[in-house]
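One-letter residues, chain by chain:
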Protein chains: 2
Amino acid sequence: MTSSDKPDKAAEKTTATGTSPAPDARAEHTGVAAQDWAAAAADPQYRAAVVDLLGALAYGELAAFERLAEDAKLAPTLADKAELAKMASAEFHHFERLRDRLTEIGEEPTSAMEPFVAALDGFHKQTAPSDWLEGLVKAYVGDSIASDFYREVAARLDSDTRGLVLAVLDDTGHATFAVEKVRAAIDADPRVGGRLALWARRLMGEALSQSQRVVADRDALSTMLVGGVADGFDLAEVGRMFSRITEAHTKRMAALGLAA
Amino acid sequence: MTSSDKPDKAAEKTTATGTSPAPDARAEHTGVAAQDWAAAAADPQYRAAVVDLLGALAYGELAAFERLAEDAKLAPTLADKAELAKMASAEFHHFERLRDRLTEIGEEPTSAMEPFVAALDGFHKQTAPSDWLEGLVKAYVGDSIASDFYREVAARLDSDTRGLVLAVLDDTGHATFAVEKVRAAIDADPRVGGRLALWARRLMGEALSQSQRVVADRDALSTMLVGGVADGFDLAEVGRMFSRITEAHTKRMAALGLAA
């Protein structure tokens with residue numbers, strides 16, 4: 001048994017030290033969120049849901065790598081190209097961590113990713129940017145929404161999985177770069193703003209439609225989202241979660257100078 | 001010895017310590033190769049040649065990143081895709097080191113790369129692989145030739161530049177991966193070998209034609225190659241170098257099961 005496991009002991013310890021400052025803030029969490037992977041994964045349905053989550057996230061990173069590398073071709077300058085290549089490379093390293101984690105918990109990474117290939121490829125196919133600015137808006141909007149979603153889910157995960165998910169969602173520098181470039185373009189030609197606002201709405205619509213496809217297909221993952229497994233997560237809460245994500249999207253679009 | 005060489009002080013020092021054991025094996029080298037960057041760069045022509053070399057190598061890595069990311073789309077499996085993405089990411093990190101070095105010696109990386117964009121983009125445009133195997137052969141052949149060439153040049157560089165050039169030429173794992181996959185494909189269908197042999201010849205031809213373009217355009221770099229600056233490098237030696245590179249290519253093709 002590794003140091004990360006220790007099911008019962010860790011649970012007792014959490015209870016015993018619940019009010020004292022915990023380095024990993026475990027005291028804030030209840031239910032599954034208060035457990036580590038070894039304890040939480042004893043429930044096969046929870047385990048299946050996490051494998052789905054890691055598989056979706058891993059393929060998402062690999063697809064993001066490809067998309068950003070592709071968008072790098074549209075870059076107007078060599079410095080911009082290098083910036084996109086850097087983001088792509090960061091996504092690849094996130095992919096590596098997720099893939100290695102799947103292997104570590106005894107899962108075949110490819111099998112875990114396969115169920116999400118169609119939805120993610122479908123999203124990228126339906127939203128291929130036609131120019132550099134559309135690519136930047138997509139990188140920014142897409143990653144922000146995905147990041148919001150996984151951050152919401154992360155709060156309901158066991159401590160080990162949560163740590164990994166939060167680590168790979170670390171800002172890869174998209175935001176600042178994209179916001180600066182897009183704002184400058186709108187300043188230079190305000191009509192660009194209208195076109196990009198439409199584009200951002202299309203991205204959001206396509207993301208929601210592909211998410212529904214995944215939710216319909218993946219029982220374990222969906223059950224976790226609506227509270228069957230992960231603690232304190234009911235249907236009303238899912239609704240509120242989507243509201244929060246949409247709201248954050250609207251705020252980001254405003255920050256970008258776009259009406260959402 | 002030309003103006004190429006160092007300030008007199010450095011020359012004296014090199015001579016004085018020429019036979020004593022040097023930790024960086026400097027004793028094996030003579031002329032510019034026995035100097036560090038600070039001494040060698042005092043010659044503006046040598047400096048310009050190195051800036052060209054680093055610029056060409058940096059853009060080469062960035063272009064290789066793009067090409068490998070693009071080829072990743074052709075991958076038949078997710079595992080193959082991840083393997084190509086890993087190579088692409090490795091090339092990007094090489095690019096970062098070269099770019100940072102250009103900045104460190106007070107050069108604008110973009111300006112240093114610009115002169116080589118047309119030739120490298122031209123090469124990639126003329127040799128876009130039409131399938132996964134052609135992509136693998138290109139990654140293998142292209143990187144091997146480039147690597148041979150830079151290794152030959154490296155031996156004539158100042159110690160600091162040489163160290164960097166050799167470090168970024170470190171195997172990124174292309175060879176083993178590509179050789180295994182291509183051999184398996186030829187075993188499964190020997191006709192594939194004929195097609196890929198033709199392809200490899202086309203790659204070599206296009207690489208030579210683009211190299212000539214660069215040599216014709218870049219005075220400082222060419223002068224270094226034919227011995228005007230870097231010590232002990234004359235026209236006959238350049239001829240021998242190209243022979244060695246072509247010979248190594250032929251051997252590699254045979255190892256791959258292809259007639260070169």
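Residues numbered from 1 in each chain as written. Chains lettered and ligands numbered in written order. Predicted model: local features only at pLDDT ≥ 70, side-chain atom pairs only at ≥ 80, totals over all residues. Heavy atoms only, no water.

In the nomenclature of an unreviewed UniProt entry, chain A is known as Ferritin-like fold-containing protein of Streptomyces flavalbus.

**Q** Break down the overall build of chain A for me, citing the residues and quoting the values.
**A** When helices and strands are counted, chain A shows 11 helices and zero strands. Listed N to C, the secondary structure of chain A is α-α-α-α-α-α-α-α-α-α-α in terms of helices and strands. Here chain A holds 260 residues, and 51% of them are scored as buried. The contacts of chain A with a sequence gap of at least 6 include a subset with a gap of at least 24, amounting to 78%. Accessible surface computed for chain A: about 11,800 Å², of which carbon and sulfur atoms make up 55%. (Helix = DSSP H or I, 4+ residues; strand = E, 2+ residues; numbered from the N terminus. Buried < 20%, exposed > 50% of the residue type's maximum accessible area, 1.4 Å probe, protein only. Contact = heavy atoms within 4.5 Å. Areas by Shrake-Rupley, 256 points an atom, 1.4 Å probe, with all protein chains shown as cover.)

**Q** Before we move on, can you summarise helix α9 (residues 191-217) of chain B with the specific residues and values?
**A** With 27 residues, α9 of chain B extends 40 Å between its outermost C-alpha atoms, agreeing within 8% with the 39 Å of an ideal straight helix rising 1.5 Å per residue. Every buried residue of α9 of chain B is accounted for by Val192, Gly193, Leu196, Ala197, Trp199, Ala200, Leu203, Met204, Glu206, Ala207, Gln210 and Val214 of chain B. (Expected span 1.5 Å × (residues − 1).)

**Q** Please set out the relation of the copies chain A and chain B residue by residue, giving values where relevant.
**A** Of the two same-sequence chains, chain A is brought onto chain B (RMSD 0.0 Å, axial shift 0.0 Å) by a rotation of 180°. In short, the pair behaves as if placed about a two-fold rotation axis. Among all residues of chain A, the one whose C-alpha sits closest to the rotation axis is Ser89 of chain A, at a distance of 2.5 Å. Both copies present the same face, since 100% of the interface residues in chain A are matched by interface residues at the equivalent positions in chain B. (Least-squares fit on C-alpha atoms with pLDDT ≥ 70 in both.)

**Q** How would you explain the environment of Pro76 of chain A if you had to name every residue and give the values?
**A** Mapping Pro76 of chain A onto the fold places it in the loop between α3 (44-72) and α4 (78-104). The sequence separation of Pro76 of chain A and Phe177 of chain A amounts to 101 residues, and the corresponding C-alpha distance is 14 Å.

**Q** Explain the packing of helix α6 (residues 132-154) of chain A against helix α7 (residues 159-168) of chain A residue by residue, including any values.
**A** Residues and elements named next belong to chain A. Here α6 crosses α7 at 165°, and the two axes come no closer than 9 Å. One finds that α6 runs roughly antiparallel with respect to α7. Between α6 and α7 lies a crossing whose hand is left-handed. In contact with Tyr150, Arg151 and Ala154 of α6, α7 contributes Arg162, Val165 and Leu166. Per-class residue counts for the contact of α6 with α7 are four nonpolar, no polar and two charged. (Axes fitted to C-alpha atoms, helices over the stretch in contact; angles between N-to-C directions. Parallel < 35°, antiparallel > 145°, perpendicular 65-115°, else oblique. Left-handed = near helix turned anticlockwise from the far one by under 90°. Nonpolar A, V, L, I, M, F, W, Y, C, P; charged D, E, K, R; others polar.)

**Q** Could you give an account of the packing of helix α3 (residues 44-72) of chain B against helix α4 (residues 78-104) of chain B, with specific residues and numbers?
**A** Helix packing for two helices is described by the angle between their axes and how far apart those axes are. Residues and elements named next belong to chain B. Following both chains from N to C, one finds α3 and α4 inclined at 160°, their axes separated by 8 Å at the closest point. Between α3 and α4, the interaxial angle falls into the category roughly antiparallel. Here α3 and α4 pass one another in a crossing that is left-handed.

**Q** Give a description of the environment of Lys73 of chain B that names residues and reports values.
**A** Structurally, the position occupied by Lys73 of chain B is in the loop between α3 and α4. C-alpha separation for the pair Lys73 of chain B and Leu84 of chain B, spaced 11 residues apart in sequence, amounts to 9.1 Å. Those residues in contact with Lys73 of chain B that lie beyond four places of it in its chain are Glu66 and Glu70 of chain A together with Lys81 of chain B.

**Q** Which residues make up the pattern of salt bridges, and what are the values?
**A** What the rule picks out here adds up to 28 salt bridges over all chains. Linking Arg47 of chain B and Glu107 of chain B is a salt bridge whose minimum nitrogen-to-oxygen distance equals 3.1 Å. Of this pair, Arg47 of chain B sits in helix α3 while Glu107 of chain B sits in the loop between α4 and α5 (109-126), and the two are 60 residues apart along the sequence. Residue class for Arg47 of chain B comes out partly exposed when judged on its relative accessible area of 23%. A residue is classified by how much of its surface remains accessible, and Glu107 of chain B, at 26% relative accessible area, is partly exposed. For Arg67 of chain B, the salt bridge is made with Asp143 of chain B, and the minimal N-O distance between the two is 3.6 Å. Separated by 76 residues along the polypeptide, Arg67 of chain B in helix α3 and Asp143 of chain B in helix α6 (residues 132-154) bring together distant segments of the chain. Asp143 of chain B sits in the partly exposed class, given a relative accessible area of 21%. Three or more residues are tied together by salt bridges with common partners; here these are Glu70 and Lys73 of chain A together with Glu70 and Lys73 of chain B. (Salt bridge = Lys/Arg side-chain N within 4 Å of Asp/Glu carboxyl O.)

**Q** I'd like a rundown of the interface of chain A and chain B, residues and numbers included.
**A** On the side of chain B, 25 residues touch chain A, which itself brings 25 residues to the contact. If you sort the residues of chain A by the area they bury against chain B, Phe65, Glu66 and Leu78 of chain A come out on top, with a joint share of 29%. Taken together, the connections running from chain A to chain B amount to four salt bridges. Linking Glu66 of chain A and Lys81 of chain B is a salt bridge whose minimum nitrogen-to-oxygen distance equals 3.2 Å. The interface formed by chain A and chain B contains 10 residue pairs in polar contact (both at pLDDT 80 or more). Of all the secondary-structure elements, those providing two or more residues to the side of chain A that touches chain B are α3, α4 and α5 (109-126) of chain A. Looking at which element gives the most residues to the side of chain A that touches chain B, the answer is α4 of chain A, with 13 residues. Considering only residue class, the side of chain A that touches chain B consists of 14 nonpolar, three polar and eight charged. (Buried area = accessible area lost by both parts, 1.4 Å probe. Polar contact = N/O pair within 3.5 Å; in protein donor to acceptor, adjacent residues only side chain to side chain.)

**Q** Any details on the packing of aromatic side chains? Residues and values, ideally.
**A** All told, the structure shown has 11 aromatic pairs over all chains when counted by the stated rule. On the numbers, 6.4 Å between centres and 75° between planes, the contact of Trp132 of chain A with Phe177 of chain A is edge-to-face. Of this pair, Trp132 of chain A sits in helix α6 while Phe177 of chain A is found in helix α8 (residues 174-188), placing the two residues 45 residues apart along the sequence. Neither residue differs from the other here; Trp132 of chain A and Phe177 of chain A are each classed as buried. Through successive ring pairs, a cluster of aromatic residues spans Phe65, Phe92 and Phe95 of chain A together with Phe65, Phe92 and Phe95 of chain B. (Phe/Tyr/Trp six-rings, centres within 6.5 Å; stacked < 30°, edge-to-face > 60°.)

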